[in-house]
Each structure stands twice: as C-alpha cells, then as structure tokens.
Amino acid sequence: MPDRIWNCKRCSTILCLAAMVALAFFIPSWAAGPGKGPTPGRKTLDPSGRMHIKATDRCPVCGMRVADYVKFSSAIQLADNTTHYFCSCGCMLRAWLYPDIFLAAVREDLKTPVVREYFTGDQLDGRTVFWVAGSDVVGPMGPALVPVMGEKALAAFKRRHGGRTVFLLEELDPDKWFAITGRKATK
Amino acid sequence: MSKSFLSPLFFWAVRDLKRRPLESCLLTAALLFTVTLTATPLLFTQAATTTWVSILAGGPSLVVREFNTMGWAPIPADESVAIAKNVTGVIAARARVWGHVAGPSGLLTVIGIDPNRPPPWATLIPNEGEVAVSVDIERDLAAADLTVIGQETATLKVIGEFKAHTALAVNKALLVHIDNAREILGLPSGYASDLAIDVFNPAEEAAIQPDLAAAFPRPVRITTRTESAGIHTAGLARRGGVAVVILVPALLALCLLVTVTVRERLGRRFEIGLLKALGWTTGDIVSLQALRAVTIGITATVGGMFVAFILVYHHDSNWPGIFYTEWQNLPTRLSFNPLDLALPLLEATGLVVLPFLVATIGTALRCAVSDPGEMLERNYF
C-alpha cells in the first residue's frame, strides 16, 4: 500500500508539499535548539538606549512580530547586551517577572527594561514610569498596561482613559500581577 | 510510461472546448466582460481608499479651527501653537494658512508655504510673488502668470507644476508664499486658517479632544484623521456600491444568457447518452462538464481581473477619476495593495463565475442521471 501511494505521482506530490509545509512550521523551533531559549533581537539597544526593531524580531512571550506593533513595543536588555523585543508592555512585564521561563535567563541578568511612553512615544527606562492597568486602552494582546511619564501625564491619562491600578515596576511581583490581571504571569 | 499529474478528463474537457471554438470563445468573453464590469468599480474604490488612507497617514492627527457667529475665524498662530503644545499628548502643532479662491476655471485651494520651514512634501518652494500649481488647473500655458481672486486679487508668476502622481493629494491647488496667501485670503498678519496637531498614539485622536477644546479660549471644531479618512472613503465606497448595484441587472442578464448557452450545449443529450453507453459513469460525465466550466471560469476570472487592474492602476488612465470623483483630465496614480484585489476577486467570483459553475454542473448532473437508452433514442442530430 505505501508503495502504491509513493508510486502515484499525484499522491507523492501532495505528500512532498505537506512535508514542506510541515518543515516550514517546525524549522524555526528546531533552529532554536533545545535549552537555548528564544532568539534575541537582531540589533541591540543603541548607546542612547533606543530600540532597533527589525521585521524578523518576534516577541519571546507570544511569538508575534514586534515590527507590526511598534507603538506598543518594548524591550529588555540583558547583562551581555543582548536585547529581546516585545510586542506589548504586558509581554515585557511577564518576561521581567519570569526571565527563566521566557528569556532563558536568570533575574540577575536583567539589565534595562525599555518602554515607549504612551503620550510621546519617547523610549524610557521602564523603572522610571508609572504603569496603569485597567484602562480602556487596548494593545496587541488586549487590555494594555500603559507606561506614562510624570504626574501630569498620569492625571491626564486617568481622566481620558480611566485605570484601576497604578504601580511602579519595582512594586510588581507575581501576586501583584495576579491582582491586576486575574491570571498568573506564566499562563 | 509516466502518468500525467492532470486528470485525463481535463484534456477531454479542453478538447471538448476546442471542438466548438467560437462558442467557447464567446462564452469566455461574455464571462470575462462581466467579471471586468463587476470588479472595476470595486477595485477602484479599494485603490482610492488605500491611496486616501496613505495620504492622510502623512497628514496631521487632528485639525483645530476656531469658530464664531460668522462661521470659521482666523486663529492666532503663535498663541494657538503654544496652547496646543501645552496639552498632554500633543507632540507637534503647526499653524496652517490655506483657503479657497477663484481661479481662471473655478474654485482653487491656496496653500501658504513658509520658505524657512517648508513641509517635507513640498517639492517646489515659491518665494513672494510666485506660485506652484497642480497639474489639473486649466490655465493659459503660454502665460507665465496666474491671476487669482480672493479677498484681494493677486497675479503670481508660475514657477512649475506638481508631479502628476501627487494629483490625488493636491487637487486644484496652488502653493504660494505664506505672506501672499494671507493677503489673498484676507488673513491678518500672525493669523492662520487652522492648526494641525500630531499625537503619538492613534487612540488619543478621540480622547484628547475634550482637553484640547477646553484649552482654547474660543470655541473650536476639531476634526480627526479618522474622521477625514471616513468622509473620503465613505463617499468612494458609496459610489462604488451604487455602480455595482446599477450593474446587477446587466450582470443577471449576462448570467442568464450564459446559462441558456450552457443548457443549450448540454441539451445535446445524445452525446451524454452515448458516453454512458460506452461505460462512462455519472461522476465522469459531471466531472467532465465541471472541468470544462472551471476552465472557462478561471480563464474569464483571471482575464477579467487583469483588465480591471489595468483600467484602474494604469497611470495614464484618467477615466476612474472622471467617472467617480468628477475630476477632469486628471491622471490619478493609485496606491496598490495586493489585499485590495481580494474583495473584487471574491465578489466577481461570487456574482459571475459561481452562478455559471452551479448552472453548468446542475444541468450536467440532471442529464447524467437520465437513462442512456432514452437519451439515445431522442433524435438530437
């Protein structure tokens, strides 16, 4: 029976096409290799701390193309200067909480979280901004966690978009994440 | 001997088509014409919408105009820019001087340009007393001057025309020095027509409006980029939709003609009876007719879409602009996005090719399940 299928030109062509499609899906995960972790961004942050997102860069948490969501993008620079780019601040915060799961790195390797300020688009250190959860702003992954810089911007943001919780990055831990989102950061 | 990838029935179907070349060509041409008629207005609507959206993407997020009891009022330029920049979320604000004046052949839009701060899209920068014109303005080409009538009458020296591909963005427009523009439009010095504002996040276009309106000391009207795009694209979509609706009776008539032709063709039941007597199954006969119809349908769809594509996107083709937007002698160059082909392709297939295939296969099925003896006994020679 297998010989019959293989000798049939039409069947063999369909099988070859199916094999190529399957390879196209699985080759990227093979290329990463077991235990090597996600592929970092092709370019690291520049000396001024600005992101350089390439079309091939993918979010290590959800797998989406970061270049498609530039206005919501963020990054984490590791101690060896490799940089992971994220499609949204929510994905970045999940990786910040669990670098071992999402970045194959230890907490001590986390160097700089970079975010785009909501109003200006300026690229800032995520530890210097206010984070707002529970607003009406929707990002690539649904309801967004929004970084805003300064008290005036925070007041304007809350007036325009609401927001249940305001926190700083240093206050964020798994319990806080659960309280904000109602889910564990690992899921 | 190697087997062909294509079914032998496909070659039978092609041979069957070649047996009656005139009938096959007419059938294909009728379907192709119908596909073209259906796809062209839809493709033009999609292309014009894409072009508008891409043009507006380069424009401001918000436009602010002041109003008083007499209508719109000039806005103090520097003061307004300072007020707008003080509102959280505004990343850039600039005052614009523009308005409508009477030209040699009707209403024209005058746009004032500051030579010290020219906008990035302006390829021609006029100095005082000079003007750059769009290609669609009717004027005496031999004359070097152009006279326009606004609050003041001005005669300006023409320094050049915009490139043809900008026609959709600068329809009947004049670029003049900002001081000339103020004189022609009757604006006091230091005043502008409106304020163009940029925000970083598109979600702020709507959210910022209450804060922005409250910041100005006088009443203002704020228009967002999304609203501007909606105004243009809704008009285009309406025209495209009306065109398709108007075409529906013609399409139905053509489909009816095609169906009648197919039924006539399949009316030669003697052939089907003969094939069944020779051992062809019902499936073989239906497959043959289906392949025959699919061959015609695919050829007509590809050809019709190609003709529609050329009609819409060929840069010397100005009829869509004339037909849909009332512009005259304007060579539009529309932006191409491959996704724009999807809707016209689906609609043309659904409206034209699918009914044809259903009619063909349905009729073939009815013939194929009949008794072969009965079909052979009927004299269809």
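As a convention, each chain's residues are numbered from 1 in the sequence order in which they are written. Each chain is given a letter, starting from A, and each ligand a number, starting from 1, according to the order in which they appear as written. It should be noted that, the model being predicted, local features are given only for residues of pLDDT at least 70 and side-chain atom pairs only at 80 or more, the latter also being counted only at that level, while totals for whole chains, interfaces and linings use all residues. The side-chain values count all of the structure's non-hydrogen atoms but skip hydrogen atoms and water molecules.

Numbering goes from the N terminus for both helices and strands, where a helix is a DSSP run of H or I of at least four residues and a strand is a run of E of at least two. Check the secondary structure of chain B and you find 12 helices and 13 strands. Here the term buried applies to any residue with accessible area under 20% of the maximum for its type, exposed to any over 50%, and partly exposed to those in between, with areas from a 1.4 Å probe on protein chains only. Burial status across chain B gives 45% buried among its 381 residues. Throughout, a contact is declared for two residues whenever any of their heavy atoms are within 4.5 Å. Taking as baseline every contact in chain B between residues at least 6 positions apart, the subset at least 24 positions apart corresponds to 80%. For chain B, the accessible surface area stands at approximately 19,200 Å², while carbon and sulfur atoms represent 64% of it. Where accessible areas are quoted, they stem from the Shrake-Rupley method and a 1.4 Å probe; at the residue level, only the protein chains shown are allowed to cover.

Here we take up the environment of Ala48 of chain B. All names here are of chain B. Examined against the element boundaries, Ala48 turns out to sit in helix H2 (residues 21–57). Under the relative-accessibility criterion, Ala48 is labelled buried at 3%. A sequence separation of 264 residues divides Ala48 from Val312, and the C-alpha atoms of the two residues are 9.5 Å apart. Apart from the residues lying within four places of it in its own chain, the contact partners of Ala48 are Leu236 and Leu334.

Within this document, salt bridges are pairs made up of a side-chain nitrogen of Lys or Arg and a carboxyl oxygen of Asp or Glu, the two lying within 4 Å of each other. Enumeration over the complete set of coordinates arrives at 15 salt bridges over all chains. The salt bridge partner of Arg127 of chain A is Asp125 of chain A, with a shortest N-O separation of 2.9 Å. The class for Asp125 of chain A is partly exposed, based on a relative accessible area of 24%. Sharing partners across several salt bridges, the network here consists of Asp16, Arg19, Arg20, Glu23 and Arg292 of chain B.

What follows is about unusual backbone geometry. All names here are of chain A. One non-glycine residue with positive phi stands out, namely Asn81, at about 75 degrees. Inspection of the secondary structure puts Asn81 in the loop between strand S1 (74–78) and strand S2 (83–86). Residue classification places Asn81 among the partly exposed positions, given a relative accessible area of 35%. With a phi close to 55 degrees, Ala104 is a non-glycine residue in the positive phi region.

So, on to helix H3 (residues 77–85) of chain B. Among the residues making up H3 of chain B, those that are buried are Ala77, Ser80, Val81, Ile83 and Ala84 of chain B. Down the axis of H3 of chain B, the buried side of the element spans an arc of 165 degrees, and every buried residue falls inside it. The directions from the helix axis to the C-beta atoms are what the arc is built from.

Once that is clear, we can look at the nonpolar core. The tendency in soluble globular proteins is for nonpolar side chains to be buried as a group. The set of buried Ala, Val, Leu, Ile, Met, Phe, Trp, Tyr and Cys residues whose side-chain atoms join them within 4.5 Å is what this entry labels a nonpolar core. The biggest cluster of nonpolar side chains holds 38 residues, and the ones touching the most others in it are Val64, Val148, Leu174, Leu195, Ile197, Leu212 and Phe216 of chain B. Once you skip the residues sitting within four places of it in the chain, Leu212 of chain B turns out to touch Leu62, Val64, Ala84, Val87, Val90, Ile197 and Ile222 of chain B. Within the second largest apolar cluster, 34 residues are counted, among which are Leu45, Leu78, Leu93 and Leu145 of chain A.

Residue and element names in this part refer to chain A. Per-chain confidence: chain A averages 84 in pLDDT, with 80% of residues scoring 70 or above. pLDDT gives the predictor's per-residue confidence on a scale running from 0 to 100. Between the elements of chain A, mean pLDDT differs from a low of 53, seen in helix H2 (residues 9–32), to a high of 95, seen in strand S8 (residues 146–148). Here residues 25–35 is a poorly scored stretch, pLDDT under 50, and it has three contacts once near neighbours within four places are set aside; other chains count.

Our next topic: the pairing of strand S9 (residues 153–161) of chain B. Residue and element names in this part refer to chain B. Both strand S7 (residues 130–133) and S9 contribute to a ladder of four bridges, which runs parallel. Looking across to S9, one finds that Val131 is bridged to Val158. What sits between the antiparallel neighbours strand S8 (residues 145–149) and S9 is a turn of three residues. Two strands pair under a simple rule: DSSP has to find at least two bridges between them.

Right, let's get into the sheet that holds strand S9 (residues 162–167) of chain A. Residue and element names in this part refer to chain A. A sheet is described by the order of its strands in space; here three strands give the open sequence S8-S5-S9, paired in antiparallel fashion. One side of each edge strand has no neighbouring strand; the edge strands of this open sheet are S8 and S9. Along the sheet, successive strands turn relative to each other by an average axial angle of 40 degrees, direction set aside. Across three bridges, strand S5 (residues 130–135) lies against S8 in antiparallel orientation. The residue bridging Trp131 from the neighbouring strand is Pro147, located in S8. Note on geometry: axes are C-alpha line fits, over the in-contact stretch for helices, and angles between N-to-C directions span 0 to 180 degrees. Contacting S5, S8 and S9, helix H5 (residues 151–161) crosses the sheet at an angle of about 145 degrees to S9.

What follows is about the interface of chain A and chain B. At the interface, 17 residues of chain A touch 16 residues of chain B. Linking chain A with chain B are three salt bridges, by the criterion used here. Under the rule applied, a polar contact is a pair of N or O atoms within 3.5 Å (in protein, one hydrogen donor and one hydrogen acceptor; residues adjacent in sequence only if both atoms are side-chain atoms). Summed over the shared surface of chain A and chain B, the number is eight residue pairs in polar contact (both at pLDDT 80 or more). For the side of chain A that touches chain B, the leading source of residues is H5 of chain A, giving six residues. Nonpolar residues are Ala, Val, Leu, Ile, Met, Phe, Trp, Tyr, Cys and Pro. Charged residues are Asp, Glu, Lys and Arg, and all others, Gly as well, are polar. Class assignment of the residues belonging to the side of chain A that touches chain B gives a composition of five nonpolar, four polar and eight charged.

Residues and elements named next belong to chain B. Counting buried positions over the eight residues of helix H4 (residues 178–185) gives six, a clear majority of the element. Every buried residue belonging to H4 is among Ile178, Asn180, Ala181, Arg182, Ile184 and Leu185, and all of these are buried. One or two steps after H4, the chain reaches Gly186, where phi turns positive at roughly 75 degrees.

Okay, the side chain of Ser24 of chain B next. Residues and elements named next belong to chain B. Relative to the assigned elements, Ser24 resides in helix H2. The class of Ser24 is buried, set by a relative accessible area of 8%. Within the structure, Ser24 has its side chain in polar contact with the backbone oxygen of Arg20 (distance 2.8 Å).

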